[in-house]
Amino acid sequence: MNTNQFGKKGWTPDRIEKLYGKTYVITGTTSGTGFEAAKILLSKGARVVMLNRNPKKAENTIAMLKQEMGNDIDVINLQMDLSMQVSVKKAAAEVLKTVSQIDALICNAAIAQVPKQTLTIDGWESQMGTNYFGNWTLQALLFPLIEKSKGRIVTVGSMGYDMGIKTIKFEDLNWDKDYTPNNAYSQSKLAQIMSMYELQDRLKAAEKTEVKAYACHPGSSRTNLINTSGSFMMKFIFNLMKLSPLTQSAEKGAYPQLMCATEPNLDQSGFYGPTGRSNWVGPVGAHKIEPHAKDKAVAKRLWKISEKETGVKWNI
Ligand SMILES: NC(=O)c1ccc[n+]([C@@H]2O[C@H](COP(=O)([O-])OP(=O)(O)OC[C@H]3O[C@@H](n4cnc5c(N)ncnc54)[C@H](OP(=O)(O)O)[C@@H]3O)[C@@H](O)[C@H]2O)c1
């Protein structure tokens, strides 16, 4: 029986209406799913504010998009290194100075499978610091404008949320003991997803239900992810996998985040991604999420610790 609410083919960008007058802020658009998502948003007439760490790469990305889509596309880049709180704070301030509305903040950028334990300049394990604490601060600082815009926060997680220790290692957040690339990446992705469901509850309690928060993932998509930060062996394995039907294009990998950013009346309790084999490929829609991702006690503790670690509180 087909249970996908969008039919047999699942959600596709054909469902997006024209987006003139709407503004999307998206992180990590120099390659992969972020690039494809930005391109589709621009093709629908949206204004896109890209947040990237490498200005030269971002400049090339914009030049490439303009060459393909014409000079009239409404796109800018602001520099932001998600692994540095000072840079995230500066970028958030720039965004607030530059735009008067945010219809959705799409938190797409990430690093993965870092071979050896590495700490960010703020002292966190690199994947936790970049993928989780970086996004925490960005989201919290942009929240007032997202609220004013009745906008959305979209977090790009990973099926990795279910491939590590399946909880947060509060007693050793930095993996000083027993670091493995997969456990540390999986924890960062689990934390990202958990914080979205916890945010939903907090918004509801504060009767701020016009702001929506979503968790999604791109399945297994042919992008630069492992090539950027993975070990030689992981790169070898993933590049072999890219040749198999167990992976899909980066464009398809962008559909879940686009759906969460634009689809009207989308249920926030869902976890969105490919619904085919292992949730790596296939039609996009809601699919099962394991209970540990919605463990209330863990999520509350994570929220508290995030406020303490970053010194950044949400104004909910
Ligand atoms: N591909 C998959 O199969 C897969 C599976 C599960 C989840 N995901 C998730 O999908 C999302 C997109 O990844 P992708 O697969 O498209 O990978 P990608 O091609 O490597 O793209 C990642 C983007 O994030 C940027 N980025 C990395 N570190 C950053 C930092 N410190 N500050 C700002 N930007 C930074 C990269 O910029 P640079 O160009 O400067 O490196 C790039 O633009 C990630 O959240 C990832 O965890 C991907």
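None of these values were measured; they are calculated from a predicted model.

Caption draft 1: Structural context of the packing of helix 5 (residues 181-205) against helix 9 (residues 296-310). Closest axis-to-axis distance for the helix 5/helix 9 pair is 9 Å, and the angle between their directions is 100°. On the basis of their axis angle, the class for helix 5 and helix 9 is roughly perpendicular. Contact residues: helix 5 offers A191, M194, S195, Y197 and E198, while helix 9 offers V298, A299, K300, L302 and W303. Classifying every residue of the contact of helix 5 with helix 9 gives seven nonpolar, one polar and two charged.

Caption draft 2: Local environment of the nonpolar core. Counting residues in hydrophobic clusters, the biggest one holds 83 residues, and the most contacted among them are V48, L105 and V154. Looking at this core, the element that brings in the most residues is helix 5, giving 10 residues.

Caption draft 3: Inspection of the site of the ligand at higher detail. Taken together, 33 residues form the shell around the ligand, and within it G28, G32, A109, A110 and T223 come nearest. Contributing elements (two or more residues each) for the shell around the ligand: helix 1 (32-43) and helix 6 (225-229). Take the shell around the ligand: its biggest share by element is three residues, from helix 1.

Basis of the calculations
Along each chain, residue indices are assigned from 1 in the same order as the chain's sequence is written. Given that the model is predicted, a residue must reach a pLDDT of at least 70 before its local features are reported, and side-chain atom pairs must reach 80 or more before they are shown or counted; all residues, however, enter totals for whole chains, interfaces and linings. Here, axes are lines fitted to C-alpha atoms. For helices the fit covers the stretch in contact, and angles between N-to-C directions go from 0 to 180 degrees. Strands are runs of DSSP state E lasting at least two residues, helices are runs of H or I lasting at least four, and both sets are numbered from the N terminus onward. An angle below 35 degrees is treated as roughly parallel, one above 145 as roughly antiparallel, one from 65 to 115 as roughly perpendicular, and anything else as oblique. We call two residues in contact whenever the C-beta atoms placed from their backbones are within 7 Å. Any residue that is not Ala, Val, Leu, Ile, Met, Phe, Trp, Tyr, Cys, Pro, Asp, Glu, Lys or Arg is counted as polar, Gly included; the first ten are nonpolar and the last four charged. Take the buried Ala, Val, Leu, Ile, Met, Phe, Trp, Tyr and Cys residues, join any whose C-beta atoms are within 7 Å, and the set you get is a nonpolar core. Here the C-beta atoms are placed from the backbone, and a residue counts as buried if at least 20 other C-beta atoms lie within 10 Å of its own, exposed if 12 or fewer do, and partly exposed otherwise. The C-beta atom of each residue is placed using the backbone, and any residue whose C-beta lies within 6 Å of a molecule or strand is treated as near it.

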